[in-house]
Amino acid sequence: LSRHAADSPAAIGEVSIVELDRLVHGVVAGDRRAAARLMSHIESDVDALGVADEAIYSMVGNARVVGVTGPPGSGKSTLVGRIVSEYRARKLSVAVLAVDPSSPDGGGALLGDRLRMGQHAGDDGVFIRSMAARDLLGGLAIAAPPVIRVMDALGFDRIIVETVGVGQSEFAVRDVADCVVLVSAPGAGDALQAMKSGIIEVGDIHVVNKADREGAVHVMRDIQAAVARRGKRRSVLLSQADSGAGVRELVDSLEHYLSSAAMDGSHRERRLRSLQKETLTLLERRAVQHIQLGFGDRFQAEMTEGLLEGRSPSDLAAHLATQLGLTGRP
Ligand SMILES: Nc1nc2c(ncn2[C@@H]2O[C@H](COP(=O)(O)OP(=O)(O)OP(=O)(O)O)[C@@H](O)[C@H]2O)c(=O)[nH]1
Ligand SMILES: [Mg+2]
């Protein structure tokens, strides 16, 4: 606390440092309600993360993070619910971070709500958190890692992050997960499209869900072929999330992946890469803030003026950089 008093403001956004410290201590003591409130602060103001990390960072690293992504409607949430049950049967505790595409007021059912009301309600080996994607403008990279660390600090064995794959957004989950499950389904999105656009690279494990639907085996063969063409060795599994068929094999495959990665050192390498990316993202954010602060209220005006004068963006950027003292070639 004394350090904050010396070199930090008394509050971050709406919340006082004292309150943040109280929440962080709650998390360290395993208080879930404190954790949920801390996560809200982190989501709405990333600077709260600095305070959280100071106490939490050194105590995390035990949880394994599993990303589950794939096209809308492929059955990810249903599958995540089943994976949670399978982990619970194996006596592992699980936290879920669902990055929901739908807004709570948009009528879409949030995975979190669905699971909370469902069979996992009242099970304290399960913790569920939804973040609305629309609040995370380009922000999964910034908001997800600290939220995951809070879950880790609470002592969960596994953390599942569900994100909807739309276009290239699948790639973001790679940076926060130790293993990514790419879900496809016959008819849901276009598996072929995913292969062409390189999204298939995101998956460490592939699951073709809705195995009861026509075409599932065909999709599986296509994925197997695409994976083989890339010279990769990847499990390609079938599942039927609504009945639970194939889920045990999926979790076996996940656990196998995680333990091999821990043994051959790739887990540590991957974590280090993720942390490097996170650091860089935070640094960029600070740099942008610094630039905006440097110009104060004149920032927008200076830009607009320069452009209206006919300066090219590259010329203008160089000119503004000089004004900020950012001289010299990078
Ligand atoms: N036939 C069949 N339907 C399934 C299966 N798994 C899930 N579904 C259904 O598919 C629909 C979509 O399932 P969700 O789990 O919400 O899919 P999602 O990928 O999480 O969807 P978004 O989060 O909106 O992208 C639901 O109606 C499920 O009941 C399956 O194995 N077979
Ligand atoms: Mg979902």
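Our subject is the structure that appears above.
So, here's what we can say about the structure. What you see is a predicted model, and the numbers here were worked out from it, not measured in a lab. (Residues numbered from 1 in each chain as written. Chains lettered and ligands numbered in written order. Predicted model: local features only at pLDDT ≥ 70, side-chain atom pairs only at ≥ 80, totals over all residues. Heavy atoms only, no water.)

1. Points about the site of ligand 1
Alright, step 1. In the neighbourhood of ligand 1, 18 residues make up the surrounding shell, with Gly-75, Lys-76, Ser-77, Thr-78 and Asp-212 lying closest.
Alright, step 2. Within the backbone of Gly-75, an N or O atom sits 2.9 Å from an oxygen atom of ligand 1.
Alright, step 3. Backbone polar atom of Ala-241 to an oxygen atom of ligand 1: 3.0 Å apart, as the coordinates give it.
Alright, step 4. Look at ligand 1: alone it shows 650 Å² of surface, and the protein chains cover 73% of it.
Alright, step 5. Those elements that place two or more of their residues in the shell around ligand 1 are α5 (76-89) and β6 (158-164).
Alright, step 6. Per element, the largest residue contribution to the shell around ligand 1 is three residues, and it comes from α5.
Alright, step 7. Of the residues in the shell around ligand 1, the class split is four nonpolar, seven polar and seven charged. (Near = heavy atom within 4 Å. Polar contact = N/O pair within 3.5 Å; in protein donor to acceptor, adjacent residues only side chain to side chain. Areas by Shrake-Rupley, 256 points an atom, 1.4 Å probe, with all protein chains shown as cover. Helix = DSSP H or I, 4+ residues; strand = E, 2+ residues; numbered from the N terminus. Nonpolar A, V, L, I, M, F, W, Y, C, P; charged D, E, K, R; others polar.)

2. Comments concerning the coordination of the magnesium ion (ligand 2)
Note on metal geometry: ideal angles are 109.5 degrees for four donors arranged tetrahedrally and 90 or 180 degrees for six donors arranged octahedrally.
Alright, step 1. Distances from the magnesium ion (ligand 2) to its protein donors, Ser-77 (OG) and Glu-162 (OE), fall within 2.0 to 2.3 Å. Taken together, the residues Ser-77 in helix α5 and Glu-162 in strand β6 connect sequence positions 85 residues apart. The burial state of Ser-77 is the same as that of Glu-162; both residues are buried. (Donors = N, O, S within 2.8 Å, 3.2 Å for Na, K, Ca; no water. Buried < 20%, exposed > 50% of the residue type's maximum accessible area, 1.4 Å probe, protein only.)

3. Comments concerning the pattern of salt bridges
Alright, step 1. Going through the model one piece at a time under the given rule, you end up with 16 salt bridges.
Alright, step 2. Asp-123 is the salt-bridge partner of Arg-88, the closest N and O atoms lying 2.8 Å from each other. Pair noted here: Arg-88 is in helix α5 and Asp-123 is in the loop between α6 (111-117) and β5 (126-132), with a separation of 35 residues, a long-range link.
Alright, step 3. Of the charged contacts in the structure, one is a salt bridge between Arg-270 and Asp-204, with a shortest N-O distance of 3.1 Å. With Arg-270 in helix α12 (residues 266-295) and Asp-204 in the loop between α9 (191-196) and β8 (205-208), the pair connects residues that are 66 residues apart, well separated along the chain. The same class applies to Arg-270 and to Asp-204, which are both buried.
Alright, step 4. Residues joined by salt bridges that share partners form a network here, namely Glu-19, Arg-22 and Arg-37. (Salt bridge = Lys/Arg side-chain N within 4 Å of Asp/Glu carboxyl O.)

4. With respect to the environment of Leu-326
Alright, step 1. By secondary structure assignment, the location of Leu-326 is in the segment after α14 (313-323).
Alright, step 2. Taking the relative accessible area as the measure of exposure, Leu-326 reaches 47% and is therefore partly exposed.
Alright, step 3. As a C-alpha pair, Leu-326 and Ile-291 span 35 residues in sequence and 9.8 Å in three-dimensional space.

5. Describing the packing of α5 against helix α11 (residues 247-264)
Alright, step 1. Running from amino to carboxyl end, α5 crosses α11 at an angle of 70°, the nearest separation of the two axes being 10 Å. For the element pair α5 / α11, the angle class is roughly perpendicular. Residues Leu-79, Arg-82, Ile-83, Glu-86 and Tyr-87 of α5 form the contact with α11, whose participating residues are Val-247, Arg-248, Leu-250, Val-251, Leu-254 and Glu-255. (Axes fitted to C-alpha atoms, helices over the stretch in contact; angles between N-to-C directions. Parallel < 35°, antiparallel > 145°, perpendicular 65-115°, else oblique. Contact = heavy atoms within 4.5 Å.)

6. Description of the packing of aromatic side chains
Alright, step 1. Considering all chains together, one arrives at one aromatic pair under this definition.
Alright, step 2. With 6.0 Å between their ring centres and 40° between their planes, Phe-127 and Phe-156 make a pair best called tilted. On the criterion of sequence distance, the pair formed by Phe-127 in strand β5 and Phe-156 in the loop between α7 (140-153) and β6 is long-range, its members being 29 residues apart.
Alright, step 3. For Phe-156, a relative accessible area of 3% translates into the label buried. (Phe/Tyr/Trp six-rings, centres within 6.5 Å; stacked < 30°, edge-to-face > 60°.)

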